[in-house]
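# An overview of the molecular structure
Residue-level listing of the chains:
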Amino acid sequence: FIYGTGICGSLALQTLSLADFRACHALPEHAENLVNQGLDVTGVSMAALLKESESGEVRCSLRAVAPFRVEGIAKAYGGGGHGQAAGCTLTGMSLAEAAEALVAALDTAQSDTVVNAISQSLEKLSATVDPALIESKRKAAEIRAARKLLKGFQSLRKGMREEDADDLVGPG
């Protein structure tokens, strides 16, 4: 059982090798619900159980707590499922390689979910802001800056002869 913190949350990864099954005199179906225990760990938002099979494949069960989703990861490896529960079979890689690939995929899925949530929040916030208000605030800031500049010129002008000050601010 490996518990780690990803970029955007905690991940739980469990691996069972053929040697693990043999040592316990267990069958792969005995571990079917083990993946759910990963989500029982406080703070874990995504969990995976990888089981090495006799055929050399690695069977993977994935779970997530909303808003995180795992079906995209399973589909990327030819599997399926739904948002919070999915599975796939990884071929052509060892149990360790499969674990490394799945941790990277889970971490990416978490990051994508967080980035999408932030983007949606910004879009909603932007939709509530009146563009006219933004423009009027910009204009008000320009007016304040112009008044400050004028006041500076007026102060400067008091210390100068009138004709010299006129040269700075122009006629009128």
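See the structure printed just above.
Cut-offs applied
Residues numbered from 1 in each chain as written. Predicted model: local features only at pLDDT ≥ 70, side-chain atom pairs only at ≥ 80, totals over all residues. Heavy atoms only, no water. Helix = DSSP H or I, 4+ residues; strand = E, 2+ residues; numbered from the N terminus. Buried < 20%, exposed > 50% of the residue type's maximum accessible area, 1.4 Å probe, protein only. Salt bridge = Lys/Arg side-chain N within 4 Å of Asp/Glu carboxyl O. Pairing = 2+ DSSP bridges. Core = buried A, V, L, I, M, F, W, Y, C linked by side-chain atoms within 4.5 Å. Contact = heavy atoms within 4.5 Å. Polar contact = N/O pair within 3.5 Å; in protein donor to acceptor, adjacent residues only side chain to side chain.

## Observations concerning unusual backbone geometry
With an omega of 15°, the peptide bond between A66 and P67 qualifies as cis. The residue P67 is located in the loop between β4 (58-64) and α3 (71-76) in this model. The phi torsion at H25 lies on the positive side, around 55°, for a residue other than glycine. Counting through the fold element by element, H25 comes out in the loop between α1 (18-24) and α2 (34-38). Residue H25 is classed as exposed on the basis of its relative accessible area, which comes to 74%.

## Observations concerning the pattern of salt bridges
In the structure shown here, the tally under the stated rule is four salt bridges. One salt bridge connects R22 with E54, and the closest N-O pair in it is separated by 3.5 Å. Note that R22 is positioned in helix α1 and E54 in the loop between β3 (44-52) and β4, a separation of 32 residues in sequence. A salt bridge links E71 to R69; the nearest nitrogen and oxygen atoms lie 3.1 Å apart.

## Remarks on the pairing of β3
Counting buried residues in β3 gives eight out of nine residues, a clear majority hidden from the surface. Bridge count for strand β2 (residues 10-16) against β3 is seven bridges, and the pairing is parallel. The partner of L16 across the bridge, within β3, is K51. Across seven bridges, β3 lies against β4 in antiparallel orientation. Across the sheet, A48 pairs through a bridge with L62, a residue of β4. With antiparallel pairing between neighbouring strands as the criterion, β3 and β4 make up a hairpin whose turn holds five residues, including G56 at a positive phi of roughly 95°.

## A short note on the pairing of strand β6 (residues 85-90)
Here β6 shows one buried face, formed by A86, C88 and L90, and one open face, formed by A85, G87 and T89. As paired strands, β4 and β6 are joined by six bridges and run antiparallel to one another. Within β6, the residue paired with S61 across the bridge is G87. In the sheet, strand β5 (residues 80-82) pairs with β6 via three bridges, with the strands oriented antiparallel. Note on β6: the bridge partner recorded for G80 is G87.

## With respect to the nonpolar core
In terms of nonpolar packing, the biggest core is built from 23 residues, with M46, L50, L62, V70, I73, L102 and L106 touching the most fellow members. When residues of this core are traced back to their parent elements, those giving at least two are β2, β3, β4, α3, β6 and α4 (95-128). The element that contributes the greatest number of residues to this core is α4, accounting for seven residues. Contact partners of L102, with chain neighbours within four places excluded, come to L50, C60, L62, I73, Y77 and L90. Counting residues in hydrophobic clusters, the runner-up holds eight residues, among them L16, A31, V44 and L49.

## A few points about the side chain of Q14
You can see Q14 is positioned in strand β2. There is a polar contact of 3.3 Å between the side chain of Q14 and the backbone oxygen of L34.

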